[in-house]
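# Structure at a glance
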Amino acid sequence: MYEGIRSPAIHIPKNMSEFNSIALRYPKARIWAGGTYLMSQKNYYPSENNEDIIDLEGMEELKKITRTERFVEIGSMVTASQLLYAGKLVLPDILLETLQSLASQIVRRQVTIGGALSIPNLRLSLSTTLSVLDVTVEIKLFQGNKVSTQWIPISRLYEKNGNLAVNSDKMLITRIRLGLDYGDYQRFIIVEDPIRNSQECVIFAFQARRTQNALNKVKFCMNFPHKAFHINKEIEARLSGEALPINPERVNTISYELVAELRKQHSSITELQLERGRRMFESVLHGMNSQALLT
Ligand SMILES: Cc1cc2nc3c(=O)[nH]c(=O)nc-3n(C[C@H](O)[C@H](O)[C@H](O)COP(=O)(O)OP(=O)(O)OC[C@H]3O[C@@H](n4cnc5c(N)ncnc54)[C@H](O)[C@@H]3O)c2cc1C
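Quick caveat: nothing in here was measured; it's all calculated off a predicted structure. (Residues numbered from 1 in each chain as written. Predicted model: local features only at pLDDT ≥ 70, side-chain atom pairs only at ≥ 80, totals over all residues.)

## Examining the confidence of the model for the protein chain
When the pLDDT values of the protein chain are averaged, the result is 92; 95% of them are 70 or greater. Mean pLDDT per element in the protein chain: helix α2 (residues 36–39) is the minimum at 91, and strand β12 (residues 228–230) is the maximum at 98. (pLDDT = per-residue confidence, 0-100. Helix = DSSP H or I, 4+ residues; strand = E, 2+ residues; numbered from the N terminus.)

The following block contains the structure:
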């Protein structure tokens, strides 16, 4: 049955310069981080078109977490559980909550930050949350015999449907930089298992700053895995500057506008997901209203 199938060659670079020469020499080779996504794919091994593998495990420089007063830098090979452990005192609650929600403890030990951000056609929890925080991503691009390095805001890494906007065959995420000046109201909500029931899953991340009784710097992302990675700059701008508490009728109006926009842009989102998304959005705004009334 497996006759004629060759084993993939596995390259294990120890540093960036070794990685560069391997990536340029074997442009089709697949990057392997924790392997949790790759191994969950049908026919990942053995398969007839077995591509070579570049295993990042040997690259110590991608496993570092460093901190300054203004930001934290996290290497792409840092795992979800390492980040949870090391970041308890520094990272925003919304990120800790997101990391905690990822699968099980065993899977979290394996899932890397770079791997979670680099699945070509599927956005999950971590991309959703990081896109509402002030995160930039360092990527290396391999074109012809050249390597270039860029820092880009994480939201520019993805298209509207959640696919990677950068050709994943020619890209390596090396680290992310997370600004530490984040808002004081943050919410992360996920409904349904994103792996087992992605068709009905909705992932929502929201953050804002409250100054006196007004809202500021609102950012949110509503993610429908495989369908839509929705960031709505117009609604964010309208909410920023709103006085708190926001009139419940206005909350209702804006949430229906959000749904209308989602329906217009993404026909594959189901009515159940739209209703879930609308309720999440409203509940977050009502939660903020309640807090404003209590303080
Ligand atoms: C049982 C289970 C439950 C899960 N539950 C959740 C969940 O609740 N929420 C959630 O968000 N996710 C969940 N995940 C998904 C998990 O986030 C993904 O599997 C993620 O891709 C894991 O990262 P990894 O390091 O294992 O990536 P890998 O499987 O090694 O790689 C994933 C993809 O990214 C590419 N890649 C890896 N590293 C880089 C890099 N540095 N630069 C460029 N490309 C790279 C690979 O080539 C591949 O295409 C779950 C996974 C499993 C198996």
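## Some points on the nonpolar core
One recurring pattern in soluble globular proteins: nonpolar side chains tend to sit buried together. Val-137, Phe-204 and Ala-205 are the most contacted members of the largest nonpolar core, which totals 69 residues. Aside from chain neighbours lying at most four places away, what touches Ala-205 is Ile-94, Thr-128, Thr-129, Val-132, Phe-188, Phe-220 and Cys-221. (Core = buried A, V, L, I, M, F, W, Y, C linked by C-beta atoms within 7 Å. Buried ≥ 20, exposed ≤ 12 C-beta atoms within 10 Å, placed from the backbone. Contact = placed C-beta atoms within 7 Å.)

## Some remarks on helix α10 (residues 271–294)
Between its first and last C-alpha atoms α10 spans 35 Å; for 24 residues at 1.5 Å apiece the expected length is 34 Å, and the two agree. Buried positions along α10 lie against β9 (185–191), β10 (202–211), β11 (214–224) and α9 (248–265). (Expected span 1.5 Å × (residues − 1).)

## A closer look at the domain arrangement of the protein chain
Splitting the protein chain by domain gives domain 1 (10–58), domain 2 (60–179) and domain 3 (185–294). With centres defined by C-alpha atoms, the gap from domain 2 to domain 3 works out at 23 Å. Each partner contributes to the interface: domain 2 provides 20 residues, whereas domain 3 provides 20 residues. When contributions to the side of domain 2 that touches domain 3 are tallied by element, the ones reaching two or more residues are α4 (93–101) and α7 (125–132). Its residues assigned to classes, the side of domain 2 that touches domain 3 shows seven nonpolar, nine polar and four charged. (Domains from an automatic or database assignment. Nonpolar A, V, L, I, M, F, W, Y, C, P; charged D, E, K, R; others polar.)

## Here we look at the site of the ligand
The immediate surroundings of the ligand are formed by 32 residues, with Gly-34, Tyr-37, Gly-114, Gly-115 and Leu-124 found nearest. Elements that contribute at least two residues to the shell around the ligand include exactly β2 (30–32), α2, α6 (113–118), α7 and β8 (171–179). When the residues that make up the shell around the ligand are grouped by side-chain class, the tally is 19 nonpolar, 12 polar and one charged. Lining the shell around the ligand are residues from two domains, each supplying at least three of them: domain 1 (10–58) and domain 2 (60–179). (Near = placed C-beta within 6 Å.)

## Structural notes on the sheet that holds strand β7 (residues 146–153)
Strands sit in the order β4-β5-β8-β6-β7 across an open sheet of five strands; the sheet is antiparallel. With partners counted over all chains shown, the strands left at the sheet margins are β4 (65–67) and β7, one partner each. Taken over all neighbouring pairs, the strand axes of this sheet differ in orientation by 20° on average, direction set aside. Sheet topology note: the strand β5 (residues 71–75)/β8 ladder contains five bridges and is antiparallel. Among the inter-strand pairings, Glu-73 is bridged to a residue of β8, identified as Arg-177. (Pairing = 2+ DSSP bridges. Axes fitted to C-alpha atoms, helices over the stretch in contact; angles between N-to-C directions.)

## Section: unusual backbone geometry
Here the amide bond leading from Leu-244 into Pro-245 is cis, since omega sits at -5°, within 30 degrees of zero. As for its position among the elements, Pro-245 is in the loop between α8 (233–239) and α9. Despite not being glycine, Ala-103 has its phi angle at roughly 40°, a positive value. Secondary-structure assignment places Ala-103 in the loop between α4 and α5 (105–108).

## Structural notes on the packing of α4 against α7
In a packed pair of helices, the relevant descriptors are the angle between the two axes and the axis-to-axis distance. Where α4 meets α7, the axes come as close as 10 Å, and the angle between the chain directions of the two elements is 175°. Our classification of the angle between α4 and α7 gives roughly antiparallel. Every residue of α7 that contacts α4 at Ile-94, Leu-95, Thr-98 and Ser-101 is listed here: Ser-125, Leu-126 and Thr-129. Its residues assigned to classes, the contact of α4 with α7 shows three nonpolar, four polar and no charged. (Parallel < 35°, antiparallel > 145°, perpendicular 65-115°, else oblique.)

## Regarding the sheet that holds β10
Across the sheet, four strands lie side by side as β9-β10-β11-β12; this open sheet has antiparallel pairing. Among the strands making up the open sheet, the edge pair consists of β9 and β12. Neighbouring strand axes in the sheet, compared pairwise and without regard to direction, differ in orientation by 5° on average. The pairing of β9 with β10 spans seven bridges and is classified as antiparallel. Paired with Val-191 across the two strands is Val-202, which belongs to β10. α4 rests against β9 and β10 of the sheet, and its axis sits at about 20° to β9.

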